[in-house]
Amino acid sequence: MSLRIVFMGTPDFAVPTLLEIVGRGHEVVAIYTRAAKPAGRRGMDLTPTPIEREARALSLPVLTPASLRTADAEAIMRGHGADAAVVVAYGLILPKPILDAFPLGAFNLHASLLPRWRGAAPINRAVMAGDAETGVMVMRMEEGLDTGPVANILGVTAERVRIGDDETAGDLHDRLARLGADLMVRALGALERGTLTFTPQADAGITYARKIDKDETRIIWAWPWRQVHDHIRGLSPFPGAWFELAGARIKVLRATKGEGQGAQQAAPGTVLDHQLTVACADGAVRILELQRAGRQAMKADEFLRGSPVATGTRLA
């Protein structure tokens, strides 16, 4: 038999899971997502979330409540008659009355190896911290922030992946979204069969992936090269790590370890060659792809053809 499911999600990361659930024959009785946001130059157009777009294409009912902490929200949720909820980067806290509305539970797909990187930005934080490995887990939701027990699916509690040396948060996001979709439908299959078990999270190794703040996106060239490199790739493609050149803010989308001559003697932020290799505290990074505000992303050589940067220039 199939499960009656309320799906709750918002960004692109959630789309593969929704499609897999529908494709496996489960009955999605309602989609909860965040409300459409103003877009366009004048902010007059409303842009629906990626999940809303997919839901409309699938002719699934969509709800966009501003809060779930009301009696009406609880009544509406119980009215769906769902067996379970699947939550993937939804963006709203689920209070206990909402969690209690599902006889089989509410299950969250989380993009980290819990208890490492609980919270809002696990993919970005894992890359920014230079982690060698991450993964996806399915967690039964509790009132705490990502504190619930982890689903054990035939002995598997996580899908683990190695983070590539130059891999960006965007690259990793796409890989984890696909892996997570598969893991979630396997968990739902076990839930149907009554074989899904749970493992409590460890008490040690808890870290929090706080939301990315605009104030932390600027590149600090005085950091060690590896920290600069991880900062760049952990913020790519969004919101983007940036520097200033001639008063203009420029995002760096891809970089790698630099081999520029004189990196140890040059002041941090100094351009060392004609390939946009930039000195850091203990080495250098080479910029591979970057983007001016309001422009398309471009490779470094293309950027330099239009905006030559002399060796010895200091990037702020």
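Scroll up a little and you will see the structure.
What comes next concerns the included structure. Small disclaimer: the values here were computed from a predicted structure and weren't measured.

Conventions and cut-offs
Residues numbered from 1 in each chain as written. Predicted model: local features only at pLDDT ≥ 70, side-chain atom pairs only at ≥ 80, totals over all residues. Heavy atoms only, no water. Helix = DSSP H or I, 4+ residues; strand = E, 2+ residues; numbered from the N terminus. Buried < 20%, exposed > 50% of the residue type's maximum accessible area, 1.4 Å probe, protein only. Contact = heavy atoms within 4.5 Å. Axes fitted to C-alpha atoms, helices over the stretch in contact; angles between N-to-C directions. Left-handed = near helix turned anticlockwise from the far one by under 90°. Nonpolar A, V, L, I, M, F, W, Y, C, P; charged D, E, K, R; others polar. Parallel < 35°, antiparallel > 145°, perpendicular 65-115°, else oblique. 1 Å grid on protein atoms, 1.4 Å probe; cavity = no way out; pocket = protein on both sides within 12 Å on 5 of 7 lines; lining within 4 Å. Points joined across faces, edges and corners; volume = space filled by probe spheres on them. Phe/Tyr/Trp six-rings, centres within 6.5 Å; stacked < 30°, edge-to-face > 60°. Salt bridge = Lys/Arg side-chain N within 4 Å of Asp/Glu carboxyl O.

**Observations regarding the environment of G180**
Structurally, G180 is set in helix α6 (residues 169-193). What makes G180 buried here is its relative accessible area of 0%. Placed 42 residues apart in sequence, G180 and V138 show a C-alpha to C-alpha distance of 8.1 Å. Not counting the four nearest positions on each side in its chain, G180 is found in contact with T17, L109 and V136.

**Quick notes on the side chain of H80**
Relative to the assigned elements, H80 resides in the loop between α3 (71-79) and β6 (84-88). Taking the relative accessible area as the measure of exposure, H80 reaches 15% and is therefore buried. Those residues in contact with H80, other than ones at most four positions away along the chain, are R4, V6, V29, A30, Y32 and L63.

**Digging into the packing of helix α1 (residues 15-23) against α6**
Where α1 meets α6, the closest approach of the two axes is 8 Å, and the angle between their N-to-C directions is 35°. Crossing angle aside, the handedness with which α1 passes α6 is right-handed. For the pair α1 and α6, contact is made by P16, T17, E20 and I21 and by A177, G180, A181, M184, V185 and L188, respectively. Residue composition of the contact of α1 with α6, grouped by class: 7 nonpolar, 2 polar and 1 charged.

**Focus on unusual backbone geometry**
A cis geometry characterises the amide bond from L114 onward to P115, with omega recorded as 15°. Positionally, P115 belongs in the loop between β7 (106-110) and β8 (118-119). A cis geometry characterises the amide bond from F238 onward to P239, with omega recorded as 5°. Here P239 shows up in the loop between α7 (225-234) and β14 (241-245).

**Some remarks on the packing of α1 against helix α2 (residues 50-57)**
Relative orientation and spacing of two packed helices are given, respectively, by the angle between their axes and the distance between those axes. Running from N to C, α1 and α2 cross one another at 25°; their axes reach a closest spacing of 10 Å. On the basis of the axis angle, α1 is roughly parallel to α2. The handedness of the crossing between α1 and α2 comes out as right-handed. Residue-level inspection shows V15, L18 and L19 of α1 in contact with α2, the latter providing P50, I51 and E54. Looking at the contact of α1 with α2, its residues break down into 5 nonpolar, no polar and 1 charged.

**A word on the layout of surface pockets**
The method is simple in principle: a probe with the dimensions of a water molecule rolls over the atoms, and the space it marks as empty is what remains. The calculated volume of the second largest pocket comes to roughly 180 Å³. Lining the second largest pocket are 15 residues, with G164, D165, R226, D230 and R233 sitting closest to its centre. Where the lining of the second largest pocket is concerned, the elements lending two or more residues are α7 and β15 (248-257). The dominant element in the lining of the second largest pocket, judged by the number of residues it contributes, is α7, at 5 residues. Classifying every residue of the lining of the second largest pocket gives 3 nonpolar, 4 polar and 8 charged.

**Considering the packing of aromatic side chains**
In this structure the tally under the stated criterion is 2 aromatic pairs. When the ring of F107 is compared with that of F198, the centres are 6.1 Å apart and the planes differ by 15°; the resulting orientation is stacked. Here F107 is found in strand β7, whereas its partner F198 is found in strand β12 (residues 197-199), with 91 residues between them in sequence. For F107, a relative accessible area of 2% translates into the label buried. Here F198 falls in the partly exposed class, since its relative accessible area comes to 24%.

**Quick word on the pattern of salt bridges**
A complete count under the given rule lists 19 salt bridges for this structure. In this structure, the salt-bridge partner of E159 is R186, at a minimum N-O distance of 2.8 Å. Of the two residues, E159 is situated in strand β11 (residues 159-162) and R186 in helix α6; the sequence distance between them amounts to 27 residues. Two residues, D230 and R233, come together in a salt bridge whose shortest N-O distance is 3.0 Å. Taken together, the positions of D230 and R233, both in helix α7 and 3 residues apart, correspond to about one turn of that helix. Grouping residues by exposure puts D230 and R233 together as buried.

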